[in-house]
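So you can see what is in the structure, the chains are spelled out below.
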There are 4 protein chains.
Amino acid sequence: MNKEQRRPPGRPKVNEQNSSTRDLILKTALELFLDRGFPLVSIDNIAQSSGVTKATVYYYFSSKAELFTEAIVRMMDRITNRIQSILSEDLPLKTRLLKMTHAHLKATYRIDLDHFMQGAGDSLSEQQIDRIRLAEARMYEAVEQAFIEAMDRKEIPKINPEFATQIYLALLKVGNHRGKDHRPMFSSVEETARHIICFFWNGLVNTEP
Amino acid sequence: MNKEQRRPPGRPKVNEQNSSTRDLILKTALELFLDRGFPLVSIDNIAQSSGVTKATVYYYFSSKAELFTEAIVRMMDRITNRIQSILSEDLPLKTRLLKMTHAHLKATYRIDLDHFMQGAGDSLSEQQIDRIRLAEARMYEAVEQAFIEAMDRKEIPKINPEFATQIYLALLKVGNHRGKDHRPMFSSVEETARHIICFFWNGLVNTEP
Amino acid sequence: MNKEQRRPPGRPKVNEQNSSTRDLILKTALELFLDRGFPLVSIDNIAQSSGVTKATVYYYFSSKAELFTEAIVRMMDRITNRIQSILSEDLPLKTRLLKMTHAHLKATYRIDLDHFMQGAGDSLSEQQIDRIRLAEARMYEAVEQAFIEAMDRKEIPKINPEFATQIYLALLKVGNHRGKDHRPMFSSVEETARHIICFFWNGLVNTEP
Amino acid sequence: MNKEQRRPPGRPKVNEQNSSTRDLILKTALELFLDRGFPLVSIDNIAQSSGVTKATVYYYFSSKAELFTEAIVRMMDRITNRIQSILSEDLPLKTRLLKMTHAHLKATYRIDLDHFMQGAGDSLSEQQIDRIRLAEARMYEAVEQAFIEAMDRKEIPKINPEFATQIYLALLKVGNHRGKDHRPMFSSVEETARHIICFFWNGLVNTEP
DNA sequence: AATGAATGAGATTTCATTCAT
DNA sequence: TATGAATGAAATCTCATTCAT
């Protein structure tokens, strides 16, 4: 009767600290995976960059594939959130796309999906691939939905929304292109975004294949 | 290990016989590299798929990086030739682009340049990277040149030709996109090409960023 | 990871509660060790099967070797008790052996001593090995003693009692043999026991090498 | 026309040398596996004991499981041959068994089949297990056949031959038993063999369960 | 021209063990 | 009493590369 307030047994989850190590590993891993691709990142690389040992990585993640999956899905979910947040503002579609393009060009991450899936495929389980594909689909849908609504509101003409989405994403990547001398094509991120959206919008509104 | 090489009928030309093994290896290697990317293709894979031994591969190519470089540069040169051949015909630019798009969508190879450079970078020497970058640049220039000439001929308005080229190549890739159910977005290669060029052309001719 | 421990009804006796976890671990460990042998059982396996964490196992046992030793010695002691109980009954030796054989064939545990010592040896300290060897010897002696007494009583002719014991134990193991189709050699445990004892008894009583 | 005698291309298989390395590894591996059991022998152990590198072991055997299988099956086949050779002599069964027992007790290898299968099971493929089981069955059959023929010739009474075989093999193992002081039970191999066969023969000929 | 043998370095993964709480 | 976090050492396996023939 006197044990009113029992402390849970065991070492308390040092909540911040705890999630810190796991998150640190995830963060480091994501950077490396994005930079070099799945096969060229070793667990040792991740561990060293995170300042822990290999075994610690395996304490948190059961395999390299699992760590990869978790890192990628997390990133995609974050991107999806950002996309949804921008696209749900009460502004003309063109303005929202411009904002989004602008935001994307400044971010470090790239949406080169198959880019790093290349090389990982063989190592991932069906289930892991599914998890990634699902996160990928959510990203796409966030954009696709914006086009569908804009069509409903007659803001743009009817067009295959999947096509529009893929085109838009492809153009986004162009923004990061560097020429032979490694210099960007336009002088500022703003200008690049404007050119891309201008090009995209023209293609979108004048449709008669 | 299984040497299923069928010898062509007739007396073999000695020097072609000679180059035959080398070419066979190059061809096999290219396929594998395109399919899986540099790090996931082992010399053993290439040797086995070619029906020779690892040591034979090393007889012809001094390293994996060298073999990779040679294979990629060769492919790019072939593509460059094809591009130039199509683009140098005496037809309106839009028609030539349509033909080229059509041809590209039917070909097996993809121009996902960075795609497989990803993962190879660390292993290639500066010189090898340069050779590839040069071949890549030649490919781009073939397209870029067409835009420049079209601008000179006032067929299209003035625009950053590098930008136009990258946009065009990005749109090309969209043609190969498959949705969740792994089906293409349009019912035929022809229709896909038409949509892409239509979109591209609209963006191209109405330019006021 | 899944803590499916159901608490028994009623107020738990504190000191039994105490020994409960320890015993649970010992019991689980024994099963696993018998099943897979020392090297193929990990502390994690034991912990998980017991519904506790690795650290808890280490709270009760200072090392894997110690846990192994304790589990094995316990089992042997239990077997020794059972043997002594059967062999000390007031019946002809042959009858007692038959009963014991019968009991052994129905029990799950096996007396394949070296069987699991194999693989453990390197990891055990001298002292731990001694403890096990001692328990093993006690088991043997229980049987050996029965032979010695039977010889004293002229129930069987003079014979090296150690030899007789080992022969008997070897024959016991034959009872568990399964043929190619995984079926036993005789239709019932009773029949198997009878065959074994018959064979053994014949060898025992007609001795003139 | 002048190439009457063409030497095969490539480095010739240095026939003895070649098979020497492979055989050396097999031989070393067998010793270690018999001594410590599958899980406690590392490829490094085998490589070092063979005076080659780990990679060389993998050059000849695709996996630890494969090496194990090959080594065990080889040994069993050798034993089978020896058994058949002894048992097919034109002598009374008892004499032949005595010879065989004698030979077995002097040999280093033991027929503790399940002994090392224990611990290997999880790592072997179905196919590999089958190969071993088959070799094991061949060994048993060689003995079983001798009993069947002896029964046909009325040399011994009718008895379940599988039972007889397993009993015999079990008794063989007893011959290797060492007591607490690590000394054998009898003073010489000959005497041990005589005791075992005497015991076995008595059990065999007086059968009425 | 082509090969079989051999290797060193490094990849992923497992596991007994420690320690602060 | 029981635990979550972390680790060092070792195990299995891969692969680009060399070399004598």
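Our structure is the block above this text.
These numbers were taken from a predicted model, which means no experiment stands behind them.

Caption draft 1: Here's a closer look at the protein's contact with DNA strand F. If you check the shell around DNA strand F, you find 39 residues, and the closest are T56(A), Y60(A), T56(C), Y59(C) and Y60(C). Backbone sugar and phosphate groups make up 59% of those atoms of DNA strand F lying within 4 Å of the protein. Contact between DNA strand F and T21(C): a phosphate oxygen at 3.5 Å from a side-chain N or O atom of the residue. Listing elements by their share of the surface near DNA strand F, those giving two or more residues are helix 1 (15-36) and helix 3 (54-60) of chain A, helix 3 (54-60) of chain B, helix 3 (54-60) of chain C together with helix 3 (54-60) of chain D. A per-class count over the surface near DNA strand F returns 17 nonpolar, 13 polar and 9 charged.

Caption draft 2: Seen up close, the relation of the copies chain C and chain D. Once turned by 180° and shifted 0.0 Å along the axis, chain C lies on chain D with an RMSD of 0.2 Å. The transformation just described matches what one would write down for a two-fold rotation axis.

Caption draft 3: Up close: the pattern of salt bridges. Residue and element names in this part refer to chain A. Evaluated as defined, the whole model comprises 43 salt bridges over all chains. Here R133 and E136 are joined by a salt bridge, their closest N and O atoms 2.6 Å apart. Separated by 3 residues within a single helix, R133 and E136 lie in helix 7 (residues 126-152), roughly one turn from each other. Note on E136: relative accessible area 8%, which makes it buried. Connected through salt bridges with shared partners, the residues R22, E66, E70 and R131 form a single ionic network.

Caption draft 4: Inspection of the interface of chain C and chain D at higher detail. Tallying the contact residues gives 39 residues for chain C and 39 residues for chain D. At the boundary of chain C with chain D, total buried surface from both sides reaches about 3,600 Å², with 68% on carbon and sulfur atoms. Along the contact surface separating chain C from chain D lie 0 salt bridges. Between the two partners, chain C and chain D, sit 2 residue pairs in polar contact (both at pLDDT 80 or more). Only helix 1 (14-36), helix 6 (113-117), helix 7 (126-152), helix 8 (161-174) and helix 9 (189-205) of chain C provide two or more residues apiece to the side of chain C that touches chain D. In terms of residue count, helix 9 of chain C provides more of the side of chain C that touches chain D than any other element does, 9 residues in total. Of the residues that constitute the side of chain C that touches chain D, the class distribution is 17 nonpolar, 13 polar and 9 charged.

Caption draft 5: Quick look at the relation of the copies chain B and chain A. Once turned by 179° and shifted 0.1 Å along the axis, chain B lies on chain A with an RMSD of 0.2 Å. In this assembly the copies share their binding face: 100% of the residues contributing to the interface of chain B also contribute to that of chain A.

Caption draft 6: Quick peek at the protein's contact with DNA strand E. Neighbouring DNA strand E are 39 residues; T56(B), Y59(B), Y60(B), T56(D) and Y60(D) lie closest to it. In DNA strand E, atoms within 4 Å of the protein come from the sugar-phosphate backbone in 59% of cases. Note that a phosphate oxygen of DNA strand E is positioned 2.7 Å from one of the side-chain N or O atoms of Y58(C). Within the backbone of K64(C), a nitrogen or oxygen atom sits 3.0 Å from a phosphate oxygen of DNA strand E. Residue assignment for the surface near DNA strand E shows that the elements contributing at least two residues are helix 3 of chain A, helix 3 of chain B, helix 3 of chain C together with helix 1 (15-36) and helix 3 of chain D. A breakdown of the residues in the surface near DNA strand E according to their chemical character gives 17 nonpolar, 13 polar and 9 charged.

Caption draft 7: Here's a closer look at the interface of chain B and chain A. Facing the 39 residues of chain B at the interface are 39 residues of chain A. Buried area between chain B and chain A, summed over both chains or domains, comes out near 3,600 Å², and the portion from carbon and sulfur atoms is 68%. Put simply, chain B and chain A have 0 salt bridges between them. Counting across the chain B and chain A interface gives 2 residue pairs in polar contact (both at pLDDT 80 or more). Breaking the side of chain B that touches chain A down by element, the ones donating at least two residues are helix 1 (14-36), helix 6 (113-117), helix 7 (126-152), helix 8 (161-174) and helix 9 (189-205) of chain B.

Caption draft 8: Structural detail: the packing of helix 4 (residues 64-87) of chain C against helix 7 of chain C. All names here are of chain C. It is at 9 Å that the axes of helix 4 and helix 7 come closest, and there the two elements cross at 10°. When the axes of helix 4 and helix 7 are compared, the pair comes out roughly parallel. For the contact of helix 4 with helix 7, the per-class residue count stands at 14 nonpolar, 4 polar and 6 charged.

Calculation rules
Residues numbered from 1 in each chain as written. Chains lettered and ligands numbered in written order. Predicted model: local features only at pLDDT ≥ 70, side-chain atom pairs only at ≥ 80, totals over all residues. Heavy atoms only, no water. Near = heavy atom within 4 Å. Polar contact = N/O pair within 3.5 Å; in protein donor to acceptor, adjacent residues only side chain to side chain. Helix = DSSP H or I, 4+ residues; strand = E, 2+ residues; numbered from the N terminus. Nonpolar A, V, L, I, M, F, W, Y, C, P; charged D, E, K, R; others polar. Least-squares fit on C-alpha atoms with pLDDT ≥ 70 in both. Salt bridge = Lys/Arg side-chain N within 4 Å of Asp/Glu carboxyl O. Buried < 20%, exposed > 50% of the residue type's maximum accessible area, 1.4 Å probe, protein only. Contact = heavy atoms within 4.5 Å. Buried area = accessible area lost by both parts, 1.4 Å probe. Axes fitted to C-alpha atoms, helices over the stretch in contact; angles between N-to-C directions. Parallel < 35°, antiparallel > 145°, perpendicular 65-115°, else oblique.

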